[in-house]
Amino acid sequence: FRSVSVVDLASHKVTRTMPVSSPAGSAVLGSTVYVASLNSTSPAIVALNAETGASAGTIAVEGRPFDVAINPDGQTIYVANNGGTTVDIYDVGTAKKTGSVDVKTAPTAVAMSGNGASVYAGSRMGTDISVINSHIPTPDLTASVPAYLNPAAIGVSGSGQFMAAVGPTGFFVFELGLPTMSETLTDEVDPETEES
């Protein structure tokens, strides 16, 4: 594949097609689409303006970027590095890597909670979903949600109340009990999760 399509949800029609080399996962914030590009010679996160199709910048990344999540503040992106065992963290403004969190298995999916307090990462090679506390100075792994499947894709509702994970062995929906941003910043409270 060499492009990303924008679909109008009301008409169910493609309204724009934008060129991207070997696109994988994507994340949207406002009118900007962040796409993981699996280009073997220059892996990157490509930012595109969904309204105009114009480039909004490129962040060169390490490894094999399989999916991407963007913090609601627009300042930080989280990349599932399927070429290793980490979720890598990049600053959008400087386009530089600022850290990484080891999630033990080669991640294929990453998603952000609605309030920006947690990042969820899953792998087709694992049965758990890793929970990363993203609102502390050095984001770190805080919990693991047993998903009982090999999660290839993860989505979190806008409210942050529900998470869905899908894999070759099934589809799960979880109800999440997330810390508020202030709780995470001051007390570093771990997010509580339970299967619904």
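Residues numbered from 1 in each chain as written. Predicted model: local features only at pLDDT ≥ 70, side-chain atom pairs only at ≥ 80, totals over all residues. Heavy atoms only, no water.

Enquirer: What's the story with the sheet that holds strand β9 (residues 86-91) in this structure? I'm lost.
Expert: To summarise the sheet geometry, strands pair through backbone hydrogen bonds and adopt either a parallel or an antiparallel arrangement. With antiparallel pairing, four strands are arranged side by side in an open sheet as β7-β8-β9-β10. Two strands lie at the open edges of the sheet, namely β7 (65-70) and β10 (96-102), each paired on one side alone. If you compare each strand with its neighbour and ignore which way they point, the axes differ by 25 degrees on average. Of the strand pairs in this sheet, β9 and β10 are connected by six bridges, and their pairing is antiparallel. If you follow D88 over to β10, its bridge partner there is S100. (Pairing = 2+ DSSP bridges. Helix = DSSP H or I, 4+ residues; strand = E, 2+ residues; numbered from the N terminus. Axes fitted to C-alpha atoms, helices over the stretch in contact; angles between N-to-C directions.)

Enquirer: For this particular structure, what's the right way to read a nonpolar patch on the surface?
Expert: A contiguous nonpolar patch, built from F162, V166, F171 and V173 and spanning about 330 Å² of accessible area, is present on the exposed surface. When contributions to the nonpolar patch are tallied by element, the ones reaching two or more residues are β16 (162-167) and β17 (170-177). Within the secondary structure, F171 sits in strand β17. Of the residues examined, F171 reaches a relative accessible area of 55% and is grouped as exposed. (Patch = residues over 30% accessible without salt bridge, like charges linked within 9 Å, V, L, I, M, F, W, Y side chains within 5 Å. Areas by Shrake-Rupley, 256 points an atom, 1.4 Å probe, with all protein chains shown as cover. Salt bridge = Lys/Arg side-chain N within 4 Å of Asp/Glu carboxyl O. Buried < 20%, exposed > 50% of the residue type's maximum accessible area, 1.4 Å probe, protein only.)

Enquirer: How do you make sense of the pairing of β9 when you look at a structure like this?
Expert: Along a regular strand, successive side chains alternate from one face of the sheet to the other. The buried count for β9 comes to five of six residues, which makes it a mostly enclosed element. Where strand β8 (residues 76-81) meets β9, six bridges bridge the pair, whose relative direction is antiparallel. Paired with I77 across the bridge in β9 is Y90. Connecting β8 to the next strand, β9, in antiparallel fashion are four residues. Hairpin geometry of β9 and β10 is characterised by an intervening segment of four residues between the two adjacent antiparallel strands and by a positive phi of about 60 degrees at A95.

Enquirer: How should I be thinking about the pattern of salt bridges in this particular structure?
Expert: Any two side chains of opposite charge can pair, so long as their charged atoms come close to each other. Tallying each qualifying case throughout the model produces two salt bridges. The closest approach of N and O atoms between D88 and K97, which form a salt bridge, is 3.7 Å. Connected via shared salt-bridge partners are E62, D88 and K97.

Enquirer: Sorry, what's going on with unusual backbone geometry here?
Expert: At H12, a position not held by glycine, the phi torsion is positive, near 60 degrees. Tracing the chain through its elements places H12 in the loop between β1 (3-8) and β2 (13-19). The exposure class of H12 is exposed, given its relative accessible area of 66%.

Enquirer: Honestly, the confidence of the model for the chain in this entry has me stumped. Any pointers?
Expert: Detailed reading of the predicted model is not advised wherever pLDDT is low. In this model, the chain carries a mean pLDDT of 84, and residues with pLDDT of at least 70 account for 89%. pLDDT under 50 marks residues 179-196. Its contacts with residues more than four places away, or in other chains, come to 39 contacts. (pLDDT = per-residue confidence, 0-100. Contact = heavy atoms within 4.5 Å.)

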